[in-house]
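Breakdown of the fold
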Amino acid sequence: MEITPNKTRVRFSSLMCALGHDYMITKTITPYLKEYKCCKCGREVTDGIDGQLKQLTEKERIVNECVSAFVRKKHNYVKPAV
Ligand SMILES: [Zn+2]
């Protein structure tokens, strides 16, 4: 028995977003760095360094988590009393 990948679903989802994705914010890391997910096809993107949206890969997800940890640490920093 041969198993074939279900390509019909992929094509249907790409047709649904042929006119544009319907992104909603899934995670706000900073006011200028957010992660988005398309409500129709489930595509995940993030803000790039050039201001364009780019595919949210595992590498981008790790970078965003590092930036989030850095920002949290920066805002929780209290200057020592002199
Ligand atoms: Zn979409």
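Look a little higher up for the structure.
What comes next concerns the included structure. (Residues numbered from 1 in each chain as written. Predicted model: local features only at pLDDT ≥ 70, side-chain atom pairs only at ≥ 80, totals over all residues.)

Description of the overall build of the chain
In terms of helices and strands, the chain carries two helices and four strands. Order of helices (α) and strands (β) in the chain, N terminus to C terminus: α-β-β-β-β-α. Within the chain, buried positions represent 2% of all 82 residues. Taking contacts inside the chain between residues at least 6 apart in sequence as the whole, the part at least 24 apart equals 25%. (Helix = DSSP H or I, 4+ residues; strand = E, 2+ residues; numbered from the N terminus. Buried ≥ 20, exposed ≤ 12 C-beta atoms within 10 Å, placed from the backbone. Contact = placed C-beta atoms within 7 Å.)

What about helix α2 (residues 58-75)?
The end-to-end C-alpha distance of α2, which contains 18 residues, comes to 26 Å, matching closely the 26 Å that a straight helix rising 1.5 Å per residue would cover. By the criterion of burial, α2 is predominantly exposed, with just zero of the 18 residues buried. (Expected span 1.5 Å × (residues − 1).)

Overview of the sheet that holds strand β2 (residues 33-38)
Ordered in space as β1-β2-β3-β4, the four strands form an open sheet in which the pairing is antiparallel. Since the sheet does not close on itself, it has two edges, and those belong to β1 (23-30) and β4 (53-55), each with one partner. When the angles between neighbouring strand axes are averaged without regard to direction, this sheet yields 30°. Here β1 runs beside β2; their pairing, made up of six bridges, is antiparallel. Within β2, the residue paired with Thr28 across the bridge is Lys34. (Pairing = 2+ DSSP bridges. Axes fitted to C-alpha atoms, helices over the stretch in contact; angles between N-to-C directions.)

Focus: the environment of Leu33
Looking at where Leu33 falls in the secondary structure, it is placed in strand β2. Residue classification places Leu33 among the partly exposed positions, given that 17 C-beta atoms sit within 10 Å. It is 8.0 Å that separates the C-alpha atoms of Leu33 and Gly48, two residues lying 15 residues apart in sequence. Among residues more than four places away in sequence, those in contact with Leu33 are Asp47, Asn64 and Val67.

Remarks on the pairing of β2
In sequence, β1 turns back onto β2 through a hairpin of two residues. Examined bridge by bridge, β2 and strand β3 (residues 44-47) share three bridges and lie antiparallel to one another. Bridged to Glu35 within β3 is Thr46. Hairpin geometry of β2 and β3 is characterised by an intervening segment of five residues between the two adjacent antiparallel strands and by a positive phi of about 85° at Gly42.

Topic: the pairing of β3
Note that β3 and β4 share three bridges and pair antiparallel. Bridged to Val45 within β4 is Gln55. Between β3 and the antiparallel strand that follows it, β4, lie five residues; Gly51 among them carries a positive phi value of about 90°.

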